[in-house]
Structures are given as C-alpha cells and as structure tokens.
Amino acid sequence: MTKNLLINLAWRNIWRNKRRSAVVLSSIIVGVAATISMDGLTNGMTYQMLFNQINLGTSHIQIHKTGYTDNRLVKNFIQGELQLKADILRLPGVKAVSERVVTFGLVSSAESSAGIYVYGVDHKAEKRVSAISGLIKEGNYLSGAEREVVVGYELANKLNAGLGNKIILMANDPSGKIHSDVFRISGLFESFSSGFDKSYIFVNSDDLQNMLGLGNSYHELAIIVAEPSLAESLKSEIRSAVGSDFEVKTYRDILPILVMQIDLSRESMWIVNMIIGIALVFGIINVMLMTVIERIREFGVLMAIGFSTGKLFSLILLEALIIGLSGTIIGLVITGLIHIPFSYTGIDFSWFSEGLVSLGVGAVIYPVVSYQTVLLTIIMTPMIAVAGAIYPAIKAIRLQPVAAIRHY
Amino acid sequence: MEIIRSENLDKIYKDNWVPVQALKNINLTVKKGDYMVIAGPSGSGKTTLLNLLGALDKPTSGKIFFEGADISKKTVKELSGLRLNKLGFIFQAYNLIPVLSAIENIEFSLMLLGKPEALRRKLSLNALRDLGIEELANKRPNEMSGGQQQRVAVARAIVNDPSVVLADEPTANLDTATGSNLLDLMDEMNRSKNITFLFSSHDPQVIERARILIRLRDGQIESVQTK
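Residues numbered from 1 in each chain as written. Chains lettered and ligands numbered in written order. Predicted model: local features only at pLDDT ≥ 70, side-chain atom pairs only at ≥ 80, totals over all residues. Heavy atoms only, no water.

Caption draft 1: A look at the overall build of chain B. A tally of regular secondary structure across chain B gives seven helices and ten strands. A globule of 227 residues ought to have a C-alpha radius of gyration of about 17 Å, and chain B, at 17 Å, matches this closely. With respect to the three principal axes, the spread of C-alpha positions in chain B is 50 × 40 × 40 Å. Here chain B holds 227 residues, and 57% of them are scored as buried. Nonlocal contacts in chain B, meaning residues at least 24 apart in sequence, comprise 68% of its contacts between residues at least 6 apart. Just so you have it, chain B exposes about 9,600 Å², and 47% of that area is on carbon and sulfur atoms. Chain B carries 30 positive and 27 negative side-chain charges, and their two centres are separated by 4 Å. (Helix = DSSP H or I, 4+ residues; strand = E, 2+ residues; numbered from the N terminus. Rg over C-alpha atoms; globule rule 2.2 N^0.38 Å. Buried < 20%, exposed > 50% of the residue type's maximum accessible area, 1.4 Å probe, protein only. Contact = heavy atoms within 4.5 Å. Areas by Shrake-Rupley, 256 points an atom, 1.4 Å probe, with all protein chains shown as cover. Lys, Arg positive; Asp, Glu negative; His and termini not counted. Charge placed at Lys NZ, Arg CZ, Asp CG, Glu CD.)

Caption draft 2: View of the overall build of chain A. On a plain count of helices and strands, chain A comes out with 15 helices and twelve strands. Radius of gyration (C-alpha) of chain A: 31 Å, far over the 22 Å computed for a compact globule of 408 residues. Put simply, chain A has 408 residues, and 51% of those count as buried. Long-range pairs, those at least 24 residues apart, make up 76% of the contacts in chain A between residues at least 6 apart in sequence. As displayed, chain A offers around 19,300 Å² of accessible surface, 61% of which is attributable to carbon and sulfur atoms. One way to put it: in chain A the 34 positive side-chain charges average out to a point 16 Å from where the 32 negative ones average out.

Caption draft 3: Seen up close, a nonpolar patch on the surface. Residues and elements named next belong to chain A. Judged by side-chain polarity, Trp270, Leu375, Leu376, Ile378, Ile379, Met380 and Met383 come together as a nonpolar surface patch covering roughly 640 Å² of accessible area. Looking at which element gives the most residues to the nonpolar patch, the answer is helix α14 (residues 371-397), with six residues. Positionally, Trp270 belongs in helix α10 (residues 256-294). (Patch = residues over 30% accessible without salt bridge, like charges linked within 9 Å, V, L, I, M, F, W, Y side chains within 5 Å. Salt bridge = Lys/Arg side-chain N within 4 Å of Asp/Glu carboxyl O.)

And the structure:
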C-alpha cells in the first residue's frame, strides 16, 4: 500500500462490491449524460430557433421610422436621401446592412390568392443579412432583373404556381391607393419554418418602390453585427447616432416571446438538473447506507485499533467522492463521444416531430453544450455524491466500537 | 511496573430499559510482562471487563488508570489515541481488514502512527517472521485459514510495541491444535520479549497457560490465582 492510506483504502473498499459500485457509477454516468444531453438539446433547439429567426430576416438590429412598429403603415417610411445605411456601416462591429421595403399585400395566381408580407430588397446587400438566398431549392435567388419574385414552397403550393409562373401582387401605396403588378417566380425557397414559407415573398426593392411610388425610400434597415452579444451596446450607439426620429430595436426587442421562451427553457433546465441531482443524492444515500451497515463490524475494529472518528468520516466521504469523480469523468467522456459527432451532423427529429419545423427550429437539431453546464456538472456531481454520503458517515461515526465489533 | 489498574469498577447495562449489572466492584492491576487470563462462564463479564480495560467502553462508576492516568473521563478522541499508541487487540473473529493484505493489515496501525514507509515495512516483516507466516505477506484475509488470520491479527497487535495486548477469546474460532500453536507463540513472546498479554477466555488451553488467573462469576472477581 502506498503512502496515501485513506485514498488507497477508499479505492479498495469501492471495488470490494463491484456490482454495487457499478450500479452507483452507472446512475451517476446516466445523470451526467442526461444533464449534458438535455442542456445540449435545449440550447441547440433554442439557439436554432433564435438563429433561424435572425437569419430569416429579423437580423440583429432593425431601424424603423418612429411609430412603424406599432403601426406598420407604408407611409411610415425612411427617406432614402438620409444615407443612414452608410453612416451605420461605418460603426465598428457592424458587418452588413440592408434596406428593405416592407408591406403587407395580396398575392394571386390564376387559381388562388393569399395574404403575405412582401419584402423589397437589394439582392446584393440582403445576401449578407439574411439566409434566404441560401435556402433556394429550385430556381434562383433575386438577381436584380425586373419583376422577379422568390416565394416559399408552401405558398407556391397554395397558389398552385411553380417556377416561371406569373403571380399578381397587390398592395397599398402610402396614400392608401391599391396598386398591383405582375411578377414572375424566379426561385422557390424552403426554410426551417413552414409558417415563414407560406407568408413571405421577396422582390427587388426597385420594383416594389416603383409599384408603391416610394422613390428611394424604404421601411427597414436590417443590421448584422459581428457578435450577437454586441447588439445591445450597438443599439445605444446607433440610437444616439440616428436620433429620436427612428426606433432602434435588437432581436431581443423584436422577438420578446422567443427570448422569453429561451430564458424559460434555461430556467426549466435548472429544475430538471435539480431533480436529477436530488435523485442522485437519494441513490447515493441508499448505497452508502448499505455500505456502512455491511461494514459495521469492520468500522468497530478500525476504531478499536485507533482509527479516529474523523478519519472514518473522511474515509466514507472519500469513497463517495471517488465514485462521484469517476462517474463524472466517465459520464463526460461517454457524453462527449456521443455529443461531438452530433454537434456536427445534428440529430434528425423529423421522423417523430413535424412540430419542430412549424416552431421554426428545423427538423435537425445541433446540440450545443454550454461550458457553464459542463463546469457545473464537474463541480456539482462529486459534491452531490459527497452530500449523499454525509448521513451514512454520521451513522458510522456514532457507532460504539464495542457494539460495532459484536455486530454480525 | 503497573500498566493498568482498576478501582471499584462497575458496569451496568440497560437491557430493554432493565438495568443489568455486568461488573461489580472490580479491582485489579496489570503489570508489565504479565500473562493474565480473565476466565469465567458465559455472561460472567469477561469481555465487558476486557473492553473497559482496553478503553473500548466506559465504566458506569469506578476508575481505570492506564500507566497512572485516569482514563475513565477521557474523550472519545483521547481514548482512540490511547488505543492506537498503547494497546494491541486480538479478537475472537480475527477481524482483519478484508481489502488489505496480511502485511498491509499489520502496517495499518503503524501508518496511523505516522511511521515512515521503510520502517513500517521492516517492522511488519519482522512481526510476520516472528509468527512464522512471512510467506503470507501478500495474501488477503479471504486467502488465509482461520489460524493464519489469527496469527496476522497477533502480528498486527504487537507490531507497534504496545504496553499491553488484549485478546478476547483468541482461540474460540480455532481448532485445538491451531489454538495451541498460537498460544505457544504468544507465551513465547511474553517470555522472550516481555510483552504483556491480557486474555479473556474460557478455553482450558488458555487458562492452563495463565500465570495470573482471574475468575469472574456474575460480574465479580471470584478468585485470583498466581502461578
């Protein structure tokens, strides 16, 4: 036996009942794996929801004329002469800016019609701000050619229209008059959200501005920043730069329900983790109590030959700590081996949940494990194991050597 | 030289709230080099007395002096230290630590005493050699016979050179020949190394070897016989 008496003794005691130790280890491994996997999936799902929303058009920051958000009227436009885009592009941290003409309208084919949001965009700038150009499944994204339109598959199906077909777009101009024009479908897209695919269409901004008589005015400036975390600080900077005639909102302001949902899912993760932790504590209390009861006579002998109660207490806690640490390490390794490939390939949930697509998550979830959760698991799991051993250890040190030696 | 002295020792147990007088007015002295046996029928109080003298239990009244110091008022921690430093124990059921080998069992108390590894190993090997079981050094208790385990227990009890070795029915689980061999060894150690032994037993083999025989009956000393 080497110099470290307690560690050696604890280690050997753990393995004297291999089956029981394996059961405890397994429960810790499953606990660790469950905690991290749940965290990975929840984060992956919520980040994807947010990421998809940002990429589908929300962007990190939006600028509108004051009052536009409350009343999305065509007349609440930003004058094109103001050159806001150039001013904002100069701000450090800003990666891309796109001017958008936004209106609500009616789109009709020969067979059907639907109410939709129309986005008039500069196709070059928009490619740097939203992901729509990358979601084209058939045909092409906007090229700047006259009267081309990109629609979602869902909407195309509803209109019973396909690539190259004409559709008629009707919308109000700033004075309320209805205008219409004919557009030809140049591309069909499929996003992560079925709701988006049937409600949004994209045309060149020139065409929409001409149709609505807006000149070079637009309604929205969509901004992508280098890091989402910069959005809040840039918001203040932009606000002071553009003045009070404009409202500046980050994705957190624009998507409050989604942000709340993300915060809520994080909070609920803590509750799930706490339940796993409590279950683990009781499991360990149970096993360590059995261990103590089985070894009463041995503890009596140890105390008789001069093993102090302090050392006995430490020995029992050390056994639990070793099991906790071993379980945590093995659990982390196993979870890592499973998680790392999935973080690249994603997990396809389409076979049992179409709801994910309608939620805007996408059928494939890429787990994202937060380092805080890993760190917390590394710290908390052995602590939980030790906490579970405290009561059995107290029971052990309260034993009277004389009675313990006689115990059979 | 006096090692242990008891004065007017009483021990009362509560058995289902009914007080049971296990020992009454015990006065005895154990001196250096003694080979003393406490004998008596079952329930006479032998083991209770041994436990009190071995600082494993506390008397209801009376005093126990160990090397002149009253131990009846010492704390649990102080008694633990006393057992570690001054006492060696041999139990009826051997009670070796199952996860440790023979030599590790012997080294264990030396480790608790903080002895350096080289010295521990040397003293433990010497103890194994003295008991004729050197070849069992690396065997675990479940790989040894009862007699071999009890020899390891004796080695564990004597290795830290205690003031007194207390042996509670050491031959009770052994066959006659094995028990006799073990007693011969302890007898020899007592004679050659002046190790003090205090036994509790009703085994005639142990009793006939006693140089001081204390007979207990109903918790009281019935007779003291010195050979």
